[in-house]
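Coordinate analysis (summary)
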Amino acid sequence: MSRQLRTATALTALALVTACSTTPGIDEASVAHNDTAKQPSSFWTDPESPAAQQIALWQHEGRSADAAVLKRIADQPEALWPAGELDPTAAVRAAASAATAAGDTALFTAYDIPHRDCGQHSAGGAADAAAYRTWIDRFASAIGDAQALVVLEPDAVAHIADGCTPAEYHTEREQLLSEAVTRLKRQSNTKVYVDAGNPAWIEDPAKLVGPLRRAGIAAADGFSLNVSNFQTDAANKTYGLKLSAALGGKHFVVDTSRNGNGPLPGEWCNPPGRALGTRPTTDTGEPALDAYLWIKRPGESDGTCAGGPNAGQWWPEYALGLARNSRP
């Protein structure tokens, strides 16, 4: 699954184009559907996101129609994934400061657990427990007093439940997650949601209860579902309410960044024909469901499958497809 930030090289190239472009701004009336306006949300939208920079590049190249469609992504708040194995301080602090200045909440994903992703597309993570403790401490410190929401370690608990992560790492992982919750909650305005996979993965949510409890869910604000996946809002809500009940009423958030057309059976890695889902909002109509969020950044690859680049790298044509297929 796609996990890491875009590469510095890609950022630099796009930034240069942005700086030198003299193309006029996008005429929003050229978009077929009136769906580019930011939906009600208290979350911060990064004006220098990959989608925003791609718009500048396409304007420069004369692809104004495609640039206008891509605003369906650029105009929405997305989670920032500070690169694992690197000091997250600068990236987190910059986003937290910008969000505070805008009066918004910064949205983050912490993704650096040792033995990450079972050696698959997003393999890596901290070298050991000590390195992870240092990384998460720096992450939390950089948030400061900003209003923030952190999705903690996508897949880490589900990989315990499905046995993908070797048994000898389970106790350490649960301890590290519990410590991470505690450390992040020391920041007075930070909410933490421990990731719990998706409804099509661990089909019986009861299997997640033990690992989530050992991972510190009691001290967290809740759990997250559907990160980097495509399960529908209805499926996530039903599953989330079952898991919530099993955890004594814990709240949850759902990643809706790419679930507009639901899943493609048998395909989770860069499946074609998918669409943007429900725009980020805290207006969910369900008391236990705190927010629909764009946690996975739409347009970043799941991995080297279906013609995609490495996991986490920006893939503009896939982003364009998600935007074109989206509904108002």
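Below, the structure is looked at part by part. (Residues numbered from 1 in each chain as written. Predicted model: local features only at pLDDT ≥ 70, side-chain atom pairs only at ≥ 80, totals over all residues. Heavy atoms only, no water.)

1. Quick word on the packing of aromatic side chains
- Tallied over the full model, the rule gives six aromatic pairs.
- On the numbers, 6.3 Å between centres and 25 degrees between planes, the contact of Y132 with W135 is stacked. Residue Y132 and its partner W135 are both found in helix 5 (residues 129-143); the two are separated by three residues, about one turn of the helix. Like Y132, the residue W135 is buried in the burial classification.
- Ring centres 5.3 Å apart and planes at 10 degrees place the aromatic pair F223 and F252 in the stacked group. Here the residue F223 occupies a position in strand 4 (residues 222-225), and F252 occupies one in strand 5 (residues 251-255), the gap between them amounting to 29 residues. The residues F223 and F252 share a single accessibility class, namely buried.
- An aromatic cluster is present here, built from F108, Y132, W135 and F139 joined pairwise through their rings.
- Looking at R63, its charged tip hangs above the ring of W58, at a distance of 4.1 Å from the centre. (Phe/Tyr/Trp six-rings, centres within 6.5 Å; stacked < 30°, edge-to-face > 60°. Helix = DSSP H or I, 4+ residues; strand = E, 2+ residues; numbered from the N terminus. Buried < 20%, exposed > 50% of the residue type's maximum accessible area, 1.4 Å probe, protein only. Lys NZ or Arg CZ within 6 Å of the ring centre and 35° of its normal.)

2. Observations concerning the sheet that holds strand 5
- Here six strands make up an open sheet; going across it, the order is 1-2-3-4-5-6 and the pairing parallel. Both outer strands of the open sheet, strand 1 (106-110) and strand 6 (289-293), are each paired with one neighbouring strand and no more. Taken pair by pair, the neighbouring strands of this sheet meet at an average axis angle of 25 degrees, ignoring direction.
- Judged from the four bridges that link them, strand 4 and strand 5 form a sheet pairing that is parallel. In the sheet register, G222 faces strand 5, and the bridge partner there is H251. (Pairing = 2+ DSSP bridges. Axes fitted to C-alpha atoms, helices over the stretch in contact; angles between N-to-C directions.)

That is the geometry; function is a separate question.
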